[in-house]
Structure formats: C-alpha cells, structure tokens
Amino acid sequence: MGKEMKKENIENIYLSRRKHILRKIKNDALLVTSGPTLPRAPDQEHPFIQDSNFYYLTGFEEPNSALLLLGNSKGPRSILFLRERDAIAEKWQGERLGINRAKRRFNIDEVRNITEFEQELPILLSSSRVLHYAPGINSKVDRFIWTLFASISGPRINFPHTLRDARLLLSEMRLIKDRYEIQTIKHAVDITTHAFLELIPSISKLSSEAHAARTLEQHFANFGASGTAFPTIVASGKNATCLHHSPKLQPLWKRELVLVDAGVKYRGYASDITRTFPVSGKFTSAQAEVYNLVYNALQAGIAKAKPGNSLDTIHKSTVRELTKGLISIGVLSGDLSQNISTEKYKPFFMHRCSHYLGLDVHDIQPNYDSMTDTMIPPYSRPLMPGMIFTIEPGLYFDPKYNKVNNQYRGIGVRLEEDILITNNGCEVLTKQVPTKLTEIESIMS
Ligand SMILES: [Mn+2]
C-alpha cells in the first residue's frame, strides 16, 4: 500500500471532476443530491448510504445536501447546499460540517443552507434550458423537480425545458478510475484479502454460516474497513446453488463446500471476492472436478482481460470453458458450439461473469459514449486501462435437478477476482487469496 494522499490533493480531485462536468454540460445545468434517509421503524432509520454520483463529485458524506453546477452562470458556477450546524440536532445525530467549515474545505464557489434549496433552485436555474439530473434516487427531490416542470402549459417559462439523465455523463467518467481511485480500491481489496486469508484456514472451527459471515466481517473491521460493500454471502453445501444466499444458522458440514462472497467499503470504494472451499480442508473427487472446471473458466476469462477486448469477450470465453467442462463430466452431451449456441449451460451458469466495480459494488454501467454521442451496450464497450471489474464464473447443480449425475447435485462453486485493466493486459488485484485447488488445500492444512 502506497502512502496516503494529502487531504488537499483529494479535494483537488473532486474539483477537477466538477470542472470536467462544467466543460461537458456547456450552457446546461447539473444537479446531484445526497441519497435519501429511509425510515426503518418508529424513531429509527436505515444506516445512511451516500449517493455515489454525489460522492464522486464532492466527497461529502452527509445527507440532506445537493450540488448544483451552472455551465452558463456569470456568477457562481458551483453551489453546494448542506445542513447548517444545529447544536440540538447534532446532540442526537452527530456532528455536521456546517456552512463555514464547508467554505474552507471545498473548492466551491458558494455554500448555502439546504433550507434555501427549494426557494433558490428555480431562480438559479432560470437561464438554463437543459437540466442534467438523475431521477429515482431521492424521491423527495424528484417530486420537487416534477412540480417545477408540471404546469398546465408545460415547463415553466423560467425553468429548464429539458431533463437529461445525469448518469449519461457520470457513468462515462466513473468508468475509468484515476490514480486515487485505483489506490483506494487496491486498499479495499487488501483488507478483504487479509480477512479471507484469516477466515479460510479457521472455517472448521466456526459453527454456522452466520458465524462465518460475522467472523469475516470482524476481520474486515480489524483490518480497517468502514463496513461491507454488500450483504456478506456464506453458503454451505447446497445453499451455494442459490446465488445470493443469506447466511443462516445452518451448520458448516464437514463433507461440504462453503462459498463465501464478500467485500468491504473503504473510503467509499468497494471490493468483491468469492472463494469456494471444503470445510474439511480436502475436496472430495466430485467437488474437485466441479471446482477445477470453474477454475479453468476463471483463467480463460482472465486471459481475455486486456485493452480492446470487452466484457462480452470475457463472458464468452468463460461460457466456452464451462460448457466444455460440463461435456467432459457428462452433464451435457454433443457438440460444443451447438451446446453454446442453444445455451445448454444456462441451468448451471445463469449469470453474467462480470460487473464493473467502484464506488458501488455493481458500479454504474456506462451505455452512452459521449465521444460519439451514441448508446452502446455496456458489455460490448472496448476495455481500456483504468477500468476495474470482476470476473466470476460459477457452476451450480440444483439438488433437485435429476438430469445430473447424483454425485454433482447440490454442489455450487463460484470464484471471483477483481481485475484492473492496464496498458498491456490486466492486474488481478485479488490474487493473494489462492484459487488453485492445491493451494487452497495447502493453506487449510
Ligand atoms: Mn461480484
């Protein structure tokens, strides 16, 4: 892990992102808001999760805030709305940054109280014709924006007449990770790696899936994570044939495999690792057969991870390897390409093998290319240096699927690596946690 970046330098990164947006929107305006606070029970809220686009442009973690960028303004071009300090509220909910400190921290033209937002927004937007905004994230702001648009004769005279989804611009930017993001994701991966290396050899001492999940999360905390990037998956035996099984008090049986799919959040960024290993430390021969097919598919996918290829190229090569494997163990029969074109592998491998990784574990999918102003499917976009994504092939044999030889039924295996595209190929960020069968057995002995 390299040395930490200075706070001022990080603020400059956010500033340059806002400048980039201001250049892109020309005479338009862009509004991003914090994520919503969601009620859970009387007097209780779900833990607050910041909206990733807002965080990407500000690095600010508080709820009830909004960033407005005005491309054609003669006055302030960037305005941050946030909660002013309030001694009583802070006693209950924690410290707020407040307007004065925000002015010193952010390189922002103007900082205002969020209580002025609804009154000020129509005035600030009165000379913009297009508003870039991402609906569906904060329903309170959505309703407000819709009411400004909704008058009998259409949009208000002094309000933008066109809404454009802000994610078209932001997904494009977030796709290529800068040095700071790569460094931060690598740190998130390092934490996860260390935690997996602690968990795997000790698995037989743990009493249940839930115990293993909470133990892994304890390791995450010990190594400095701020939380998990998604609910930890620990699936014992046949539970691993369900893709997103949530850990129960199900015991970890000695003769079974256990699948662990988990990741942390560190400074906003996610990691995502999956490993499958035998509770006893030794694979049975049927488990080893299935495991090696998935391992081979993972290697085939990694071999295709380089600039110019796409996530589709990678997916296809894992599908080919898995289908070849399914034929070799007698689960499928006949011609390889026929099996692939008729998707005979689908009952055993039903998901895509990649997703982008970043602020969100399933990071925003770019489907708009601003260079050519065209829409392209996210999986066929050519890979470029700085892209980070997962490769995660799997095989899942439903215990009730009676067309499959009995010895394979109830086995589920998935392996997942985090991949950074480099100039000549890729870097497997998660490679410190072994995937090779013999290496797994050796760290467990
Ligand atoms: Mn994943």
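Please refer to the structure higher up on the page.
These lines cover the structure that appears in this document, whether it is placed above or below. (Residues numbered from 1 in each chain as written. Predicted model: local features only at pLDDT ≥ 70, side-chain atom pairs only at ≥ 80, totals over all residues. Heavy atoms only, no water.)

**Observations concerning the state of the cysteines**
At step 1: Per the counting criterion, the structure on display carries zero disulfides.
At step 2: Cysteine 353 takes part in no disulfide bond, and the closest cysteine sulfur, belonging to cysteine 426, lies 12 Å away. (Disulfide = S-S within 2.5 Å.)

**Quick look at unusual backbone geometry**
At step 1: Although it is not a glycine, lysine 26 adopts a positive phi angle of roughly 50°.
At step 2: When you line up the elements, lysine 26 lands in the loop between helix H1 (7-25) and strand E1 (29-33).
At step 3: Since its relative accessible area comes to 61%, lysine 26 is described here as exposed.
At step 4: Even without being a glycine, glutamate 343 presents a positive backbone phi close to 55°.
At step 5: One can find glutamate 343 in the loop between helix H12 (336-341) and strand E15 (368-369). (Helix = DSSP H or I, 4+ residues; strand = E, 2+ residues; numbered from the N terminus. Buried < 20%, exposed > 50% of the residue type's maximum accessible area, 1.4 Å probe, protein only.)

**Regarding the coordination of the manganese ion**
At step 1: Coordination of the manganese ion by the protein comes from Asp272 (OD), His355 (NE2), Glu392 (OE) and Glu416 (OE), over a distance range of 2.1 to 2.4 Å.
At step 2: Of note, the donors binding the manganese ion are all from one chain and are spaced D-x82-H-x36-E-x23-E. In this pair, histidine 355 sits in the loop between H12 and E15 while glutamate 392 sits in the loop between strand E17 (388-391) and strand E18 (394-396), placing the two residues 37 residues apart along the sequence. Each member of the pair, histidine 355 as well as glutamate 392, carries the same accessibility label: buried. (Donors = N, O, S within 2.8 Å, 3.2 Å for Na, K, Ca; no water.)

**Observations concerning the pairing of strand E4 (residues 66-70)**
At step 1: Across the five residues of E4, five count as buried, placing the element largely inside the fold.
At step 2: Burial along E4 is two-sided: the face carrying Ala66, Leu68 and Leu70 and the face carrying Leu67 and Leu69 are both buried.
At step 3: Two elements, E1 and E4, share five bridges in a ladder whose sense is antiparallel. Within E4, the residue paired with alanine 29 across the bridge is leucine 70. (Pairing = 2+ DSSP bridges.)

**Quick look at the sheet that holds E17**
At step 1: Pairing in this open sheet of three strands is antiparallel, and the strands run E17-E20-E21 from one edge to the other. One side of each edge strand has no neighbouring strand; the edge strands of this open sheet are E17 and strand E21 (426-428). The average angle at which neighbouring strand axes cross in this sheet is 30°, direction not considered.
At step 2: Relative to strand E20 (residues 417-421), E17 runs antiparallel, the two being bridged by four bridges. Paired with isoleucine 388 across the two strands is leucine 420, which belongs to E20. (Axes fitted to C-alpha atoms, helices over the stretch in contact; angles between N-to-C directions.)

**A few points about the packing of aromatic side chains**
Here the distance between the centres and the angle between the planes together describe a pair of aromatic rings.
At step 1: One pass over the full model with this rule turns up nine aromatic pairs.
At step 2: Ring centres 5.5 Å apart and planes at 85° place the aromatic pair phenylalanine 348 and tyrosine 401 in the edge-to-face group. Residue phenylalanine 348 is located in the loop between H12 and E15, and its partner tyrosine 401 is located in the loop between E18 and strand E19 (412-414); the two are separated by 53 residues in the primary sequence.
At step 3: A relative accessible area of 4% places phenylalanine 348 in the buried class.
At step 4: Between phenylalanine 397 and tyrosine 408 the ring centres are 6.0 Å apart and the planes differ by 35°, which places this aromatic pair in the tilted class. With phenylalanine 397 in the loop between E18 and E19 and tyrosine 408 in the loop between E18 and E19, the pair connects residues that are eleven residues apart, well separated along the chain. The same class applies to phenylalanine 397 as to tyrosine 408, namely buried. (Phe/Tyr/Trp six-rings, centres within 6.5 Å; stacked < 30°, edge-to-face > 60°.)

**Here we look at the nonpolar core**
At step 1: Grouped together as the largest cluster of nonpolar side chains are 69 residues, with contacts concentrated most on Ile203, Phe277, Phe389, Ile391, Leu395 and Phe397.
At step 2: The element contributing the most residues to this core is helix H10 (residues 285-303), with ten residues.
At step 3: Setting aside chain neighbours within four positions, we find phenylalanine 397 in contact with Thr241, Val290, Leu326, Ile329, Val331, Phe348, Val404, Tyr408, Arg409, Gly410 and Ile411.
At step 4: Ranked by size, the runner-up nonpolar core spans 42 residues in total, among them Leu69, Ala134, Ile182 and Leu359. (Core = buried A, V, L, I, M, F, W, Y, C linked by side-chain atoms within 4.5 Å. Contact = heavy atoms within 4.5 Å.)

**Quick word on the packing of H1 against helix H7 (residues 167-175)**
At step 1: Look at H1 against H7: their axes get within 11 Å of each other, and the N-to-C directions meet at 135°. By the criterion of interaxial angle, the relationship of H1 to H7 is oblique. Where H1 crosses over H7, the two elements pack in a sense that is right-handed. Along its contact with H1, which presents Arg17, His20, Ile21, Lys24 and Ile25, the element H7 presents Leu169, Leu170 and Met173.
At step 2: When its residues are assigned to classes, the contact of H1 with H7 shows five nonpolar, one polar and two charged. (Parallel < 35°, antiparallel > 145°, perpendicular 65-115°, else oblique. Left-handed = near helix turned anticlockwise from the far one by under 90°. Nonpolar A, V, L, I, M, F, W, Y, C, P; charged D, E, K, R; others polar.)

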